Amino acid sequence: MLVTNRENMIHAAKSGYAIPAINTQGGNFDIIWAVCKAAEELKSPVILAHYVNTGAYSGHDWFVEVCRWCANKVSVPVSIHLDHGADFEICMEALKLGFTSVMIDGSTKPIEENAAMTNEVIKVAKCFDVPVEAEIGELLRLDNLGTVMENKNIVDPEEVRRFLELCQPDSLAIGIGNAHGYYRGEPDIHLDVLKAVREFTDIPLVLHGCTGMKEEVVKEAIKLGVAKINFGTEIRYKYVEHYEEGLRTLNHQGHSWKLSQFANEKLQEDVKKIILLAGSDGKAEAR
């Protein structure tokens, strides 16, 4: 069932689990349906996440329609989330299209400017009853080899305090050494920053760049109030791997639906592992 993720995120932050947010590659049916079916089997709330650039091929409206159809085929809470919305305009487009959660990412800007942009989005999103995620501490960027291209995302907890004095988003992603892409070696994740932030706010926190993080680190972050964990890189690579396996091993006779079904069923198992890591299994009716 299609929901916003506000109540689920609050409950998750208080109860020591997180809700998985899966990048769906711009509305790929195989991925979206795999996420929904895995969530239904394990009775977990789930978030279908969308990057603007991955929607360039199929269209943001297509993404929403596919998500809505899939969400309404299952009984667990499913929300449609705009990830890393770069400006006010794209967040407004997402609200009009029917996204049930939006992120405004002003992390590259000074705190005051970031907060002002966030407040603009919050003001309108309230009219749609849609929760807003913000970010402070720009996420690290990795090249294809996993090498850090920028290293400025470990945020000072006092900057988080200042930011939250200026605006009140529904959830907050903070930079603690996490990154988009595959890490090369073990990432240096600063859980002490989460611990310090938790001392002055109970806002649900978000951990981006979970692909390749040690499970113990993710679980500890969840204990410290992370209520949403994001997976993109792992899912997109696993999907392609499964599809390639289908091409090699199936007697598909050119039927693309056979390949899609094969990849979908394989991917469900990958999503289940993420749900179990998040501890959200069995929490579909917890809010």
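Remember, predicted model here, so these are calculated numbers, not experimental data.

S.K.: Would you mind going over the overall build of the protein chain in detail, with residue names and values included?
M.R.: Along the backbone of the protein chain there are ten helices and ten strands. Buried residues in the protein chain amount to 55% of all 287 residues. In the protein chain, the share of contacts with a sequence separation of at least 24, taken over all contacts with a separation of at least 6, comes to 70%. For the protein chain, the accessible surface area stands at approximately 12800 Å², while carbon and sulfur atoms represent 50% of it. Positive and negative side-chain charges of the protein chain, numbering 30 and 42 respectively, have mean locations separated by a distance of 4 Å.

S.K.: Go over the UniProt feature "binding site: Zn(2+) 2" (unreviewed entry) in the protein chain with me, naming the residues and quoting the values.
M.R.: This chain's UniProt record puts "binding site: Zn(2+) 2" (unreviewed entry) on Asp-105 and Glu-135. Of the residues just listed, which span 31 residues, no C-alpha pair is farther apart than 5.5 Å, and they cluster in one region. Mapping Asp-105 onto the fold places it in the loop between strand 4 (101-104) and helix 5 (111-128). Using a relative accessible area of 12% as the deciding quantity, one classes Asp-105 as buried. Setting aside its immediate chain neighbours within four residues, Asp-105 contacts His-84, Gly-85, Ala-86 and Glu-135. Side chain to side chain, Asp-105 and His-84 meet in a polar contact 2.8 Å long. Mapped onto the elements, Glu-135 comes out in strand 5 (residues 132-136). Setting aside chain neighbours within four positions, we find Glu-135 in contact with His-84, Met-103, Ile-104, Asp-105, Gly-106, Ser-107, Asn-114, Leu-172 and Ala-173.

S.K.: So, helix 6 (residues 157-166): which residues are in play, and what are the values?
M.R.: Looking only at helix 6, the buried set comprises Val-160, Phe-163 and Leu-164. All buried residues of helix 6 lie within an arc of 95° about the axis, which places them on one face of the element. Its buried side turned inward, helix 6 meets helix 5, strand 5, strand 7 (171-174) and helix 7 (191-198).

S.K.: Describe the packing of aromatic side chains, listing the residues and the values that go with them.
M.R.: By the definition in use, this model includes five aromatic pairs. Between Phe-29 and Trp-33 the ring centres are 6.3 Å apart and the planes differ by 20°, which places this aromatic pair in the stacked class. A residue pair is termed a helical-turn pair when its members lie 3 or 4 positions apart in one helix, as Phe-29 and Trp-33 do in helix 2 (residues 29-42) at four residues. With relative accessibility at 18%, the residue Trp-33 sits in the buried group. Members of the aromatic cluster, each reached through a chain of ring pairs, are Phe-29, Trp-33 and Trp-69. One cation-aromatic arrangement involves Arg-161 over Phe-200; the distance from NZ or CZ to the ring centre is 4.3 Å. Here the guanidinium or amino end of Lys-283 rests over the ring plane of Tyr-17, the centre of that ring lying 5.1 Å away.

S.K.: Tell me what's going on with the pattern of salt bridges, and back it up with residues and numbers.
M.R.: Inspection of the entire model under this criterion finds eleven salt bridges. The salt bridge partner of Lys-272 is Glu-41, with a shortest N-O separation of 2.9 Å. Taken as a pair, Lys-272 in helix 10 (residues 256-278) and Glu-41 in helix 2 lie far apart in primary sequence, 231 residues in all. With a relative accessible area of 11%, Lys-272 lands in the buried category.

S.K.: Go over the UniProt feature "active site" (unreviewed entry) in the protein chain with me, naming the residues and quoting the values.
M.R.: The UniProt entry lists Asp-83 under the feature "active site" (unreviewed entry), expressed in the numbering used here. Of note, Asp-83 is situated in strand 3 (residues 78-85). Leaving out residues up to four positions away in the same chain, Asp-83 has contacts with Ala-49, His-50, Tyr-51, Met-103, His-208, Lys-228 and Asn-230. At 3.5 Å, the side chain of Asp-83 and the side chain of Tyr-51 are in polar contact.

S.K.: Before we move on, can you summarise unusual backbone geometry with the specific residues and values?
M.R.: Positive phi, close to 55°, is recorded for Gln-25, a residue that is not glycine. Considering the arrangement of structural elements, one finds Gln-25 in the loop between strand 1 (19-23) and helix 2. A positive phi is found at Gln-253, a non-glycine position, where the angle reads about 55°. Position of Gln-253 among the secondary structure elements: in the loop between helix 9 (233-249) and helix 10.

Cut-offs applied
Residues numbered from 1 in each chain as written. Predicted model: local features only at pLDDT ≥ 70, side-chain atom pairs only at ≥ 80, totals over all residues. Heavy atoms only, no water. Helix = DSSP H or I, 4+ residues; strand = E, 2+ residues; numbered from the N terminus. Buried < 20%, exposed > 50% of the residue type's maximum accessible area, 1.4 Å probe, protein only. Contact = heavy atoms within 4.5 Å. Areas by Shrake-Rupley, 256 points an atom, 1.4 Å probe, with all protein chains shown as cover. Lys, Arg positive; Asp, Glu negative; His and termini not counted. Charge placed at Lys NZ, Arg CZ, Asp CG, Glu CD. UniProt positions renumbered as here; feature names shortened; annotations may be inferred. Polar contact = N/O pair within 3.5 Å; in protein donor to acceptor, adjacent residues only side chain to side chain. Arc of directions from axis to C-beta. Phe/Tyr/Trp six-rings, centres within 6.5 Å; stacked < 30°, edge-to-face > 60°. Lys NZ or Arg CZ within 6 Å of the ring centre and 35° of its normal. Salt bridge = Lys/Arg side-chain N within 4 Å of Asp/Glu carboxyl O.

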